[in-house]
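Chain by chain, the residues run as shown.
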Amino acid sequence: MRLRRLHSLWLLVVLGSLFHFALSSALAQAQTPWQAADTIGDSLFQAQADLLAAASVDDPQAAYAAAAEQVAAAAAVHTAALRPALEIHAPDQAATISTLLNEAQQAAADGEAAQLAALRGAIWTEILHGSFLAAQRTLSDSDPEAARSWIQLREFRESTKVSTVDNLSAQAITQLQAGAIDTAEAAAIIADDLRDTYFFRLREALNQLEAAVERSYTTRAAEWAGLATGYFAILRQDFFNKQGEPAATDLDTTLAALTEQALAGDWATIKGTLATARDLLSGYQPIALDEATIAKRGTLLYTFTDLIYIEYKDGVRNGEITIPIEYYEAQTFHEQAVAIYQELRPTLEARDPAATTRLNEIFSEIDVIMDSLGDTAQVERLVAEALDLIETTLAIEPAAGGNGASFTVIATLLDGVIAAAEEGRYNEAERTRLEAYAVFEGGPEQRLANRMPILSRELEGLFWEGIDGKPGLAVLIRQKALPEQIAGVVDQITPRLAEADTVLASGLTGIFAALNSLAIIVREGLEAVLIIGAIVGYLRTTGEPKKYSTWVYGGVAAAILLSLATWWAANTIITITVANRELIEGVTSLIAVAVLFYVTNWLFHKVYVLDWLTFVKQNVGHAISQGSALGLAALGFTVVYREGFETVLFYQALLFDADPLWVLVGFGVGLVIILGVAYAILHLGQRLPLKPFFTTTGVLLLLLAFSFTGSGIRELQEAGVVSVTLLTAVPENLLLMEVLGIFPTVETTLAQLLFVIALAATFALSSWRGRLTQQKVRADTRSS
């Protein structure tokens, strides 16, 4: 019975394949080249899937037949829609594709999965080769629209951290039709664009082949070997022109050997063959790099190499991953440094072959160390050696990276977000988004926040929940939105990053630096002064004000000392990562909320619930328990350290591009203002009637606690601890965010709502208990 069901199942598969074959033939005539190629690719992929499924059934012959029918459908599309056009412009490729399809059909019928995979790679790249030649020849025939149709059938290089990926070929045709360039110029642009793309794809195919070999994946290794051979076929004429026939022939032989060894599973030999292929390619450059491009990419090579150690030392300790995102960033920066090195390798070889060889060895050694979570000191030593070689060989100045390199890293990491989303790898897209945000907030953002707060807030919103009622990257990635939507947000971020780069590149004048310094100390210190002033003002009503004020001042002093220690440590022995910074700020904010909640409830109970005049006339000092005194000390500590920690970070960023003397001037003036405000609050507290004074300060404390609730959850969102969900009903207003901590997210709004509910509930409970107490007192008075 089970065998009969299996036969029935595979009969349906075969019938479906026959239907697919007939439908493909009927529709093929209406397809454009890229549509026909896409259909062929889909059919070959399904054939490969059928062979994979054959390994898990009792009767594989039915699966083999289904796979062969899929290949036959692909051949029918080629014959009807692609071959007639290719025979005009690329007859050799048209004939080769037909031959390869016949071989693929036989491989499918025989159940040769690895052979089919190698042929799939060869067929696809032969189609790309034919399209490349057809585009060039239709362009030379003065038919730009036909050329445009052919260049739609192409691949793109993946985004690296070097540059964004543009369709230069399509742009060239548009410029040609507009009369901005002539046919020869357009043809040169297209040829350079496609050669650059397929050289990148060739290197990537060799990398993927190596990864498959490491895992002994025969089918994947065969497919990547077939692709590598085909990509080189596209480049061979240019390679021959630049490297000579012997080198071209050697590479032909080497790549053919890779395919044979992959099919045979000869893993020991294939590693040496891969090394030979890379050596033969090392001196080849498909397009000439001008000095400006070499300088730009050299600077990025220096920057990414430097970042390897910076991130690795924070991410790994004692052979264990301590901060995953830092470790993953180190790996990402290593990958991108290697990608840039490969692009610059011909230039490096021409200038210093020994240095080029050593750089290659260094990147390989670093890769091995990081994979094994090895000693950070070894990575530091290797990175330092690599930086010295890069600096010497390419005449790179270490300071040349600056903000420009940071913004380039951010922008191109965002390209990686789009690329990951396009391939459905949303977890990787989120990791890359966090990497981009870490680079932004760890450097430019802190400086930008003091100079252009609105722009800084817009960028932050685009990275997280969104702006203008539209979701940001974090929300879209979590929702697994369409890549086009994610790209749309990146398109909003890119011009803002350019604007920020321009602003920060302009530097700071002395006066502006002093004003920024003043603004930091006033902004960060004002909240602490208001809270401490309110509490100390209340303590003046106690019988022993100095005794209880000492608890508050003790907490303040401890927080100031810890802030200074944080400053020293951050500049000498530790690195405060973005995630850790946000986590510390978020936790201290919420601790401050808890203490403020306790203190305001306690004040409300004393001022409004108990009889106020009786309370004041009595020895009020006895009303402050040991626990209350400790609470006051904790309030002083958490409030001041929260602001002190942020102040440390802001001044670190400000001193990056400002004269320390002017920063000190602004700090001194701001400190005088803060002390003046503190004096005024305490003096005013002595002159005002007690109950109005406490009403005012109580409301102020509650507003600050409300603000701390929202900003604390916001910091935890940026630390990756709390999720981010856009709430369009909440307005996006910088003043509301800075003053009241109101952010347009569900999580921050819910936390503040819970705070208000808890506050109302506890105040209502205190009022009820107060009425009961007063009723009891009045009853006792009447009975006496």
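Residues numbered from 1 in each chain as written. Predicted model: local features only at pLDDT ≥ 70, side-chain atom pairs only at ≥ 80, totals over all residues. Heavy atoms only, no water.

Focus on unusual backbone geometry
So, step 1. Positive phi values are uncommon outside glycine, yet Ser216 reaches one of about 60 degrees.
So, step 2. As for its position among the elements, Ser216 is in the loop between helix H8 (183-214) and helix H9 (218-243).
So, step 3. With a phi close to 55 degrees, Leu373 is a non-glycine residue in the positive phi region.
So, step 4. Note on placement: Leu373 falls in the loop between helix H14 (353-371) and helix H15 (376-394).
So, step 5. Here Leu373 falls in the buried class, since its relative accessible area comes to 19%. (Helix = DSSP H or I, 4+ residues; strand = E, 2+ residues; numbered from the N terminus. Buried < 20%, exposed > 50% of the residue type's maximum accessible area, 1.4 Å probe, protein only.)

Notes on the environment of Gln177
So, step 1. Looking at the element boundaries, Gln177 is found in helix H7 (residues 168-177).
So, step 2. For Gln177, a relative accessible area of 40% translates into the label partly exposed.
So, step 3. Look past the residues within four positions of Gln177 in its chain and what remains in contact with it is Pro144, Glu145 and Arg148.
So, step 4. In terms of polar contacts, Gln177 uses its side chain to reach the side chain of Glu145, at 2.7 Å.
So, step 5. Only 2.8 Å separates the side chain of Gln177 from the side chain of Arg148, close enough to count as a polar contact. (Contact = heavy atoms within 4.5 Å. Polar contact = N/O pair within 3.5 Å; in protein donor to acceptor, adjacent residues only side chain to side chain.)

Describing the confidence of the model for the protein
So, step 1. When the pLDDT values of the protein are averaged, the result is 81; 80% of them are 70 or greater.
So, step 2. Below pLDDT 50 for its whole length, residues 21-29 participates in 10 contacts with residues either more than four positions away or in separate chains.
So, step 3. Below pLDDT 50 for its whole length, residues 160-164 participates in 21 contacts with residues either more than four positions away or in separate chains. (pLDDT = per-residue confidence, 0-100.)

Digging into the layout of surface pockets
Here the idea is plain: a probe the size of a water molecule rolls over the atoms and shows the empty space left.
So, step 1. What the largest pocket holds in volume is close to 2,200 Å³.
So, step 2. Glu204, Asn207, Glu210, Glu335 and Val338 are, among the 50 residues lining the largest pocket, the residues nearest its centre.
So, step 3. It is helix H13 (residues 324-351) that contributes the most residues to the lining of the largest pocket, 11 residues altogether.
So, step 4. Class assignment for the residues of the lining of the largest pocket results in 17 nonpolar, 14 polar and 19 charged. (1 Å grid on protein atoms, 1.4 Å probe; cavity = no way out; pocket = protein on both sides within 12 Å on 5 of 7 lines; lining within 4 Å. Points joined across faces, edges and corners; volume = space filled by probe spheres on them. Nonpolar A, V, L, I, M, F, W, Y, C, P; charged D, E, K, R; others polar.)

Points about the nonpolar core
So, step 1. Of all hydrophobic cores here, the largest spans 78 residues; its most connected members are Leu202 and Leu209.
So, step 2. When neighbours within four sequence positions are excluded, Leu209 is seen to be in contact with Ala221, Trp224, Ala225, Leu258, Ile270 and Leu274.
So, step 3. Ranked by size, the runner-up nonpolar core spans 74 residues in total, among them Tyr312, Leu394, Tyr426 and Leu726. (Core = buried A, V, L, I, M, F, W, Y, C linked by side-chain atoms within 4.5 Å.)

A closer look at the packing of H8 against H9
So, step 1. Taken N-terminus to C-terminus, the directions of H8 and H9 make an angle of 155 degrees; their axes are 8 Å apart at the nearest point. By the criterion of interaxial angle, the relationship of H8 to H9 is roughly antiparallel. Crossing of H8 over H9 shows left-handed handedness. Contacts between H8 and H9 involve Arg195, Tyr198, Phe199, Arg201, Leu202, Ala205, Leu206, Gln208, Leu209 and Ala212 from the former and Arg220, Ala221, Trp224, Ala225, Ala228, Tyr231, Phe232, Ile234, Leu235 and Asp238 from the latter.
So, step 2. Classifying every residue of the contact of H8 with H9 by side-chain character gives 15 nonpolar, 1 polar and 4 charged. (Axes fitted to C-alpha atoms, helices over the stretch in contact; angles between N-to-C directions. Parallel < 35°, antiparallel > 145°, perpendicular 65-115°, else oblique. Left-handed = near helix turned anticlockwise from the far one by under 90°.)

With respect to the packing of aromatic side chains
So, step 1. The final tally for this structure, using the stated rule, is 12 aromatic pairs.
So, step 2. Ring geometry for Phe304 versus Phe333: centroids 5.7 Å apart, planes at 35 degrees, classification tilted. With a gap of 29 residues between them, Phe304 in helix H12 (residues 291-315) and Phe333 in helix H13 connect regions that are remote in the sequence. Taken as a pair, Phe304 and Phe333 share a single burial class, namely buried.
So, step 3. Three or more aromatic residues joined by ring pairs form one cluster here, namely Phe199, Phe232, Phe239 and Tyr284.
So, step 4. Directly above the aromatic system of Phe199 lies the positively charged group of Arg203, at a separation of 4.9 Å from the ring centroid.
So, step 5. One residue, Arg433, lies across the ring of Trp464, its end atom 4.2 Å from the ring centre. (Phe/Tyr/Trp six-rings, centres within 6.5 Å; stacked < 30°, edge-to-face > 60°. Lys NZ or Arg CZ within 6 Å of the ring centre and 35° of its normal.)

Some remarks on the packing of H9 against helix H10 (residues 245-264)
So, step 1. Where H9 meets H10, the axes come as close as 9 Å, and the angle between the chain directions of the two elements is 175 degrees. Here H9 is positioned roughly antiparallel relative to H10, judged by the angle of their axes. Along the contact surface, H9 presents Thr218, Ala221, Ala222, Ala225, Gly226, Ala228, Thr229, Phe232, Arg236, Phe239, Phe240 and Gln243, while H10 presents Glu245, Ala247, Ala248, Thr249, Leu251, Asp252, Leu255, Leu258, Thr259, Ala262 and Leu263.

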